[in-house]
Amino acid sequence: MPIFCNYCHLPLLIEGTKDPYCSYGCALASNPKHSVAKPGLFLAGLLLAFVGVITAIFYGRVDLSFDLIWIQLAATTLSGLILVPPLFNKTLQSVLHQNLAPEFLNLLAIGVTYGISVYAYFYDAPFNFFGITSLALLIFPLVYYWEARLRRGSLSDLHQVLNLRVAEARQIRGKNKTMVSTKDLKIGDMIQVNPGEPIACDGMIVSGTTRVDESRLTRQPTPLFKTKGDFVLAGSINQDGVITIKITTPLSDHFLERVISHMDRARGNALDLQKKIRRLLVIMIPATFLWAVVAFLYWKDSGITIAITTSIAVLMAPIFSSLFRVVPMGVNFGMGRALDMGILLSSGESLFRLSRLNTLVFDKTGVASLGDFQFSQFFSENGVNQGTLLSAFFSLAAYSEHPLCRAMQSHPWYVEIAKHPVKEFKTHPGLGIGGIISVRGEPETFVAVGNVRFLRRFQMQMSPAMREKVENLEAMGDTVILCGWNREVYGLMSFSDTLRPDMKPLLTQLQKLKVTPIVMTGDHDEMIGHLSHTQGIEKVYTRCLPDEKIKRIKKLKEEGARVGYVGARYDDMAILGEADSAIIFNAGTTHLVESAESLIFGEQLASIANLLRIARKSQRVVALNLTLGLVASFSGMTLAAISIWSPVASLLTMATVSLVLNLTPMRVRRAKLE
């Protein structure tokens, strides 16, 4: 797991460092045991720096009976002793880890101006840079401080999730009820939750009935009715009744903890763009130093004062520190906005990949359609015992989580029919399931349940009457699965499914975003033939097995498309991995799909279009900030080198541009969504 800053919770800039803060600003903005970070001492340092600036402004302009230089020396020295150590520590750590922090140039500029000013004070040299040093000591800490505050604000959505943790729970032991730490609870313990209280642990209700608000976790506005035997999540709110919960999972496996862990890994993954910027800074930081030396040598013949002033202005002009941090800030605002809609992203890099998508491939079941199959019809061959046939269907279905298998529970005889153990059970994605069953004392035999293609694999024969029944049901739009053994198909079940009513509005939004929608499904042509006409989808690929879906996605990519795949949580992982970006729709709260880049917990298709909008907005903000930061840095260095830009102008410009760079990512949070 990555190591995070104790204050802003961003990954440490230098991995392995013992410094618990990712920047000078975080050390100032927080309040750890480090003496420099104490607010009173920090304010004293800023006040002393301000005194140095004021004395520099009035020095030589007001006729006083005493010299102000010693006041400048004292104020600058004391403020430097307070404010410089975190900056020096950061730079030292970067050097020890064979890196170079962007703060190096700031420290160098302060050190040069202070050193030259001290030399001039004691040796009566004709130049004084105490005022510039004090201004730098005033501006740099303030810039870093506000950067740290804004970075912390970019993670406000994460902090809200962290705040969902419940520290204590009411444990039941016999007739006694005591408040204990949540960390001390274990599997099997019983806790009581009263109305209005947050639920501390994942578990199953063993007594009581209530409504539970999970909106803080999944952003679903409607409270869910829960009763005995239902599962509840830590972090949700018990609204109505008193319930007793039996803890079923350890603390580390709670859904809330897995979400937090997932987000930690997401924020800890360094972006490719950050790595490129770091490599650029490795070149630019020493290049800036050399540029300052060249400027000093060029202006030396015009006077030592103007040469020193020019080189100092060059060192103070770059905005490399803010430039490095605008990328994670923009990404964190984007990830936070997505989380606020109930979308969990696997990494910041996934935002950039989502922003480049121009093709979205939808799986039909559970995405384009509701995926809530209901039993429609049952048909068996003459002479086949219906109980035996249903037992074969239900026994195999009990071993699978596929929606069609779960839909068998809607059969009116599901409870009454006996289920038998299955040996060598195996799932064949896109086709069906199979295993060895002994039904009603008969010898063990291999039973297959699936579509026509699946049963043909095992050379199972289908009667003309059965074939005609399949064709009729498929023409009506039903999904048909068959059951057979001993090379004979003995019966079928059909299930009905409906398209999502919000599919058409989503396609309208995708059209505005210039994204091409495509549907791939294993269903037959007749069942979804109307989809392209009523919903406006240009391409519908039917009878697609997982391997065929992968081939079609590869072909789309070869044709230049940047493909995103929108699937359900039970989809084949290989398909998700083949797409440029994988989105799991209606992911649920039972598990997290690690191979997916985006998990949408809700059931609103509009979230898909909004996710693309957030990704594109984040990408544009980051690109704009990088462009602005680089242009401002190079322009400032050039103007300073030709002696147009003074050190004061460089400092003020650096502070202004840094503020703009750190405020711009907030536009992601205000992005307009549908």
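Everything in this summary refers to the structure shown in the same document.

About the thresholds
Residues numbered from 1 in each chain as written. Predicted model: local features only at pLDDT ≥ 70, side-chain atom pairs only at ≥ 80, totals over all residues. Heavy atoms only, no water. Salt bridge = Lys/Arg side-chain N within 4 Å of Asp/Glu carboxyl O. Helix = DSSP H or I, 4+ residues; strand = E, 2+ residues; numbered from the N terminus. Buried < 20%, exposed > 50% of the residue type's maximum accessible area, 1.4 Å probe, protein only. Contact = heavy atoms within 4.5 Å. Pairing = 2+ DSSP bridges. Phe/Tyr/Trp six-rings, centres within 6.5 Å; stacked < 30°, edge-to-face > 60°.

1. Some remarks on the pattern of salt bridges
All told, the structure shown has 9 salt bridges when counted by the stated rule. For the salt bridge of Glu-444 with Lys-423, the shortest nitrogen-to-oxygen distance reads 2.7 Å. Of this pair, Glu-444 sits in the loop between strand E14 (432-437) and strand E15 (445-450) while Lys-423 sits in strand E13 (residues 423-428); the two residues are 21 residues apart in sequence, bridging distant segments of the chain. For Lys-423, a relative accessible area of 46% gives the class partly exposed.

2. Considering the side chain of Asn-106
Residue placement: Asn-106 occurs in helix H4 (residues 103-123). Excluding residues within four positions of it along the chain, Asn-106 makes contact with Leu-87, Phe-140 and Tyr-144.

3. Structural notes on the pairing of strand E16 (residues 479-485)
Where burial is concerned, most of E16 is hidden: 7 out of the 7 residues are buried. Both faces of E16 are covered, namely the face carrying Thr-479, Ile-481, Cys-483 and Trp-485 and the face carrying Val-480, Leu-482 and Gly-484. Here 7 bridges tie E16 to strand E17 (residues 488-496), and the two strands are oriented antiparallel to one another. Among the inter-strand pairings, Thr-479 is bridged to a residue of E17, identified as Phe-495.

4. Structural notes on the pairing of strand E9 (residues 243-247)
Burial runs high along E9: 4 of the 5 residues are buried. Here strand E3 (residues 190-193) pairs with E9 via 4 bridges, running antiparallel. By the bridge assignment for E9, Gln-192 is matched with Thr-244. The pairing of strand E4 (residues 203-207) with E9 spans 4 bridges and is antiparallel. Residue Met-204 lies in a different strand from E9, and its bridge partner there is Lys-246.

5. Some points on the packing of aromatic side chains
In this structure the tally under the stated criterion is 12 aromatic pairs. Here Phe-375 and Phe-495 contribute two aromatic rings whose centre-to-centre distance is 6.3 Å and whose plane-to-plane angle is 75°, an arrangement assigned as edge-to-face. Linking Phe-375 in strand E12 (residues 374-380) with Phe-495 in strand E17, this pair joins segments that are 120 residues apart in sequence. The class of Phe-375 is partly exposed, set by a relative accessible area of 21%.

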